[in-house]
Amino acid sequence: MAKEKAYVIDKHKYDKQEVKIDNSKMNGFKITPKNEIAYDGVVVNSLLLMKPGFIEKVLKKKNKRKLEYYLQYMMDLTESDDDQTPTTIAMALNDLTRYKDVIEYKYRKYLDDKYIDILLKKINLLERELKTKLIYKQMNQNIIEEETKGKSR
């Protein structure tokens, strides 16, 4: 069994210095934190996860949050029919398609195929709902334009 490498950064030893670790030779999933909260400790610009079980847990939690966000957005769309235009729905559809590609090409090597297939089925369902909503909005917009046009002489 190979010994795992571990890094410990002591703040007092490297106070007011920048520490760089060469990640190019290590394989894993890279995460960049949002750094939204001010913190006096060590500032982390990127984190490389190497343990496959931990990577899987982090990605499943991340995907669950993203799917809940899209589901909430779909519920908001259905509740407020008047506020949404076809362009906002098309933008949401493009974002969902981009997210689907990220799952397909970036996360597939870290997650098992069964989980990926279930996730893609859920995304396809949301995508189909957005497409029907977009078609409905475009048809309503065309009907309204024809009614306001009226007859010309």
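Quantities reported herein were computed from a predicted structural model and do not represent experimental measurements.

Conventions we followed
- Residues numbered from 1 in each chain as written.
- Predicted model: local features only at pLDDT ≥ 70, side-chain atom pairs only at ≥ 80, totals over all residues.
- Heavy atoms only, no water.
- Helix = DSSP H or I, 4+ residues; strand = E, 2+ residues; numbered from the N terminus.
- Contact = heavy atoms within 4.5 Å.
- Areas by Shrake-Rupley, 256 points an atom, 1.4 Å probe, with all protein chains shown as cover.
- Expected span 1.5 Å × (residues − 1).
- Buried < 20%, exposed > 50% of the residue type's maximum accessible area, 1.4 Å probe, protein only.
- Arc of directions from axis to C-beta.
- Patch = residues over 30% accessible without salt bridge, like charges linked within 9 Å, V, L, I, M, F, W, Y side chains within 5 Å.
- Salt bridge = Lys/Arg side-chain N within 4 Å of Asp/Glu carboxyl O.

A.B. asks: Pulling in residues and values, what's your account of the overall build of the chain?
C.D. replies: Along its length, the chain carries 3 helices and 2 strands. For the chain, the sequential pattern of α-helices and β-strands runs β-β-α-α-α. Look at the contacts in the chain between residues 6 or more apart in sequence, and 62% of them connect residues 24 or more apart. Counting only carbon and sulfur atoms, one obtains 53% of the accessible surface of the chain, whose full area is about 13000 Å².

A.B. asks: Describe helix α2 (residues 86–107), naming the residues involved and giving the relevant values.
C.D. replies: Counted at 1.5 Å a residue, the expected span for α2 with its 22 residues is 32 Å, and the 30 Å between its end C-alpha atoms agrees. Those residues of α2 that fall on the buried side of the exposure criterion are P86, I89, A92, L93, L96, Y99, I103 and Y107. All buried residues of α2 project into a common sector of 145° when viewed along the axis, lining one side. In α2, the exposed positions angled more than 90 degrees off the buried face are occupied by T87, M91, N94 and Y105.

A.B. asks: Describe helix α1 (residues 52–79), and please don't skip the residues or the numbers.
C.D. replies: Given a rise of 1.5 Å per residue, 28 residues ought to cover 40 Å, and the 41 Å separating the end C-alpha atoms of α1 matches this to within 8%. Turning to α1, its buried residues number three or more, namely I55, L59, N63, L67, Y70, M74 and L77.

A.B. asks: I'd like to hear about a nonpolar patch on the surface, residue by residue, with values.
C.D. replies: There is a patch of nonpolar side chains on the surface, built from V42, V44 and L47 and spanning about 230 Å² of accessible area. As for its position among the elements, L47 is in strand β2 (residues 47–49). Take L47: its relative accessible area is 44%, and that puts it in the partly exposed class.

A.B. asks: Hey, could you go over the pattern of salt bridges for me, with residue numbers and the actual values?
C.D. replies: A side chain with one charge can pair with a side chain of the opposite charge if their charged atoms come near. Evaluation of the coordinates by the stated rule reveals 5 salt bridges. Of the charged contacts in the structure, one is a salt bridge between D95 and R98, with a shortest N-O distance of 3.1 Å. Placement of both D95 and R98 in helix α2 is noted, with a separation of 3 residues, approximately one turn of the helix. What makes R98 partly exposed here is its relative accessible area of 45%. We note a salt bridge from K100 to E127, for which the minimum N-O separation is 3.3 Å. Of this pair, K100 sits in helix α2 while E127 sits in helix α3 (residues 113–149), and the two are 27 residues apart along the sequence. Beyond isolated ion pairs, a larger network of salt bridges with shared partners links E104, R108 and D113.

Bear in mind that shape data such as this cannot, by itself, settle questions of function.
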